[in-house]
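A look at the structure
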Amino acid sequence: MQTNFSLAQLSDPNIAEANKILRACVHCGFCTATCPTYVLLSDELDSPRGRIYLIKEMLEQGKAATKETVKHIDRCLSCLSCMTTCPSGVHYMHLVDHARVHIEETYNRPPLDKFYRGLLAHLLPYPGRFRATLLAAKLAKPFAWLFAALGLKPFAAMLKLAPWHVEPIKIPESQHVFPAEGARKGRVALLSGCVDKVVKPSIREAAIRLLNRNGIEVVLPAGEGCCGSLPHHMGREHDALSFAKNNIDVWTRELNGEGLDAILVTASGCGTTIKDYGFMLRTDAAYKDKAAKVSALAKDISEYLVKLGLVAPKNPSRIKVAYHSACSMQHGQKIDRQPKELLTGAGFVVREIAEGHLCCGSAGTYNMLQSEIAGRLLSRKVANIEKTEPQVVATGNIGCMTQIASGTKIPVVHTVELLDWATGGPLPKTLQQSGLGPP
C-alpha cells in the first residue's frame, strides 16, 4: 500500500511503525473472510482492509478522528484473526492499537460513551473496586431489561454479565510463595490479574495447585497489578503504560532476587499484552530492556505445562470437552495445540468447534460497549459449541468464559481447572453444580 506521510510525521516512531505496517498490506482481502464483523455485517469498512484504509487516511491527515472512522474502529474486536490469515505479515494489532490512541487523544466522544468507557477503565483494573461493584450490581441485575429499554445498552450488558454470586478469595493477600511438592523443578511468577481474581478466583487456586503438584514453586509478587490490557485496548495509553511499568518493576525485583524461570498467565488476553511490553516500551530508555526481558519470560500457562510435562492423571475421565481457543490465544499468541494436547493427555475427549477462528464476542470490554454485535457472535459461537454435544466447555481466558457461560447451560471452566482435577485436585465447583464428575 502506498503511503504519503511527511518526513516530519515519520520522525514520530509510532507513525514510522504505522507506515511500515501500512506498506506491507497488498489489498488482497484474504482477511475479510475471517473477520467476525465483516462476516456478520458485510461492510468493507468493518473489515481489516477497510479499517486499514480508514486508519491510513486518519494518520496521514494528522487530524482529529471523524465520527465515521471511530464507529468502524470501535467495532473492531482486536481478535487478530486477520493476522493469522494475512499472507503478507501485516501487523494489524500494532496499527489498530495506535489508531485507538489517536482516537482517544483527538475525538470528543458523546457524554454517555465517554462515561461508560471511563467507568470500565476505573473499575475493572482494580480488584477491590471491581469486587465491590459486582456485589452492588446484584441489586440492579434484575432490572437490566429496563436499562436496555431506556437505551442504556452498555449498562444493561454490564449487569447481564455480572455474576449472581461473587466467589470468596481464599488465598490470603499476605501469602506470596507456594512451595513445590517434592524436588523443586522451577520457580515461576503467576499473574493474579484483576478480573479473574475477582470473578473466578478458583482459576488461580487451581493453577497454583497444579504447578506445585508438578514440582514448580509459585510466587505471587507483592505489588503486582493489572497488566494494562483493558486500558490499552481503549486507547488509554498513559494508564496502560503505567500498569505495565509497575509490573515490570515488580517482576524485575523478583528476577534479581530469587529468580524466575517464567512469568505465567492464565488469562490469554493479558498474556498477549505482556508479551508485547517490549514493543510498547521500545522508545522508553529506562524500561525498554527490562520490558523486553519480561516479554521474553511471559508464557501462557498451557505452553509452559506442555514443556514441563504433567504427572499422570489420578482422576482419568472420558468427559467430552469442547475446547474454545480464545482469539488472544490462537491469533495473538499463536497457541492452539498445547491446551488440547494437555486435555487429551489428562484423559478428556476433546471436541473441535466449527468456526473456531471466529471470536465469541467477549474481546475485553467489547461485549459491554458493542453488545449487539457481541450478542450475535455469542449466539453463533454457542450454536457451534452445542453441535459438538460436549459435557463441558474449556477455554483459557476469563472473558471468553464469562461470555460463553452467559449463552449456554453447558458448564464452562478454565483449562487449568480440568487439568488440576485430573491430576489430583478437587472437582471444579462449576462441574459439581452440573452433576458432572465421578459416579
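One structure accompanies this document, and this report is about it. (Residues numbered from 1 in each chain as written. Predicted model: local features only at pLDDT ≥ 70, side-chain atom pairs only at ≥ 80, totals over all residues. Heavy atoms only, no water.)

**Observations concerning the overall build of the chain**
Rule in force here: Each helix is a run of DSSP H or I of at least 4 residues and each strand a run of E of at least 2, with the numbering of both proceeding from the N terminus. Note that the radius of gyration is over C-alpha atoms, with the globule rule given as 2.2 Å times the number of residues to the power 0.38. Exposure is judged per residue with a 1.4 Å probe applied to protein chains only, and the accessible area is read against the type maximum: over 50% gives exposed, under 20% gives buried, and values in between give partly exposed. Only the protein chains shown count as cover for residues, and all accessible areas are computed by the Shrake-Rupley method using a 1.4 Å probe. Residues scored as positive are Lys and Arg, those scored as negative are Asp and Glu, and His as well as the terminal groups of each chain are ignored. Working definition for charges: the position is that of NZ of Lys, CZ of Arg, CG of Asp or CD of Glu.
On a plain count of helices and strands, the chain comes out with 26 helices and 9 strands. At 21 Å, the chain has a C-alpha radius of gyration in line with the 22 Å of a compact globule built from 439 residues. Counting across all 439 residues of the chain, residues that qualify as buried make up 57%. Accessible surface computed for the chain: about 18300 Å², of which carbon and sulfur atoms make up 56%. Distance between charge centroids for the chain: 4 Å, based on 51 positive and 40 negative side chains.

**Quick look at helix 9 (residues 127-140)**
The condition is simple: To estimate the expected span of a helix, count its residues, drop one, and scale the result by 1.5 Å. Only heavy atoms matter for contacts: two residues are in contact if any of them lie within 4.5 Å across the pair.
Given a rise of 1.5 Å per residue, 14 residues ought to cover 20 Å, and the 20 Å separating the end C-alpha atoms of helix 9 matches this to within 8%. Turning to helix 9, its buried residues number three or more, namely Phe-130, Leu-134 and Ala-137. Next to the buried residues of helix 9 lie helix 8 (111-123), helix 11 (153-161) and helix 12 (195-199).

**Thoughts on the packing of aromatic side chains**
Definition in use: Pairing of aromatic rings covers Phe, Tyr and the six-membered ring of Trp, with a centre-to-centre limit of 6.5 Å; geometry is then stacked below 30 degrees between planes, edge-to-face above 60, and tilted otherwise.
This model, assessed by the stated rule, comprises 4 aromatic pairs. Ring geometry for Phe-348 and Trp-421: centres 6.0 Å apart, planes at 45°, overall tilted. Taken together, the positions of Phe-348 in the loop between helix 21 (337-345) and strand 7 (349-351) and Trp-421 in helix 25 (residues 415-422) put the pair 73 residues apart, joining distant regions of the chain. Look at Phe-348 and you get buried, because its relative accessible area is 2%.

**Let's talk about the pairing of strand 2 (residues 186-190)**
For clarity, the cut-off: Two strands qualify as a pair provided DSSP detects at least 2 bridges between them.
Summarising burial for strand 2: 5 of the 5 residues are buried, a large majority. Taking every second residue as pointing to the same face, both faces of strand 2 are buried, with Gly-186, Val-188 and Leu-190 on one and Arg-187 and Ala-189 on the other. Relative to strand 3 (residues 216-219), strand 2 runs parallel, the two sharing 4 bridges. When the bridges of strand 3 are listed, Arg-187 appears paired with Glu-217. The sheet contact formed by strand 2 and strand 4 (residues 262-265) spans 3 bridges and is parallel. Looking at the pairing, Leu-190 lines up with Leu-264 of strand 4.

**Focus: the sheet that holds strand 1 (residues 177-178)**
If you trace the 5 strands from one edge of the open sheet to the other, you get 1-3-2-4-5, paired in mixed fashion. Of all strands in the sheet, those bounded by a partner on one side alone are strand 1 and strand 5 (298-300).

**Thoughts on the sheet that holds strand 8 (residues 392-395)**
Quick reminder of the rule: Every axis corresponds to a line fitted to the C-alpha atoms, with the helix fit spanning only the stretch in contact, and the corresponding angles, defined between N-to-C directions, vary from 0 to 180 degrees.
Judged by pairing direction, the sheet is parallel, and its 4 strands sit side by side in the order 7-6-8-9 without closing on themselves. On the outer flanks of this sheet lie strand 7 and strand 9 (412-414), each paired with one strand and no other. Ignoring which end each strand starts from, the neighbouring axes of this sheet average 40° apart. Summarising the sheet, strand 6 (residues 320-324) and strand 8 pair through 4 bridges and their orientation is parallel. The partner of His-324 across the bridge, within strand 8, is Thr-395.

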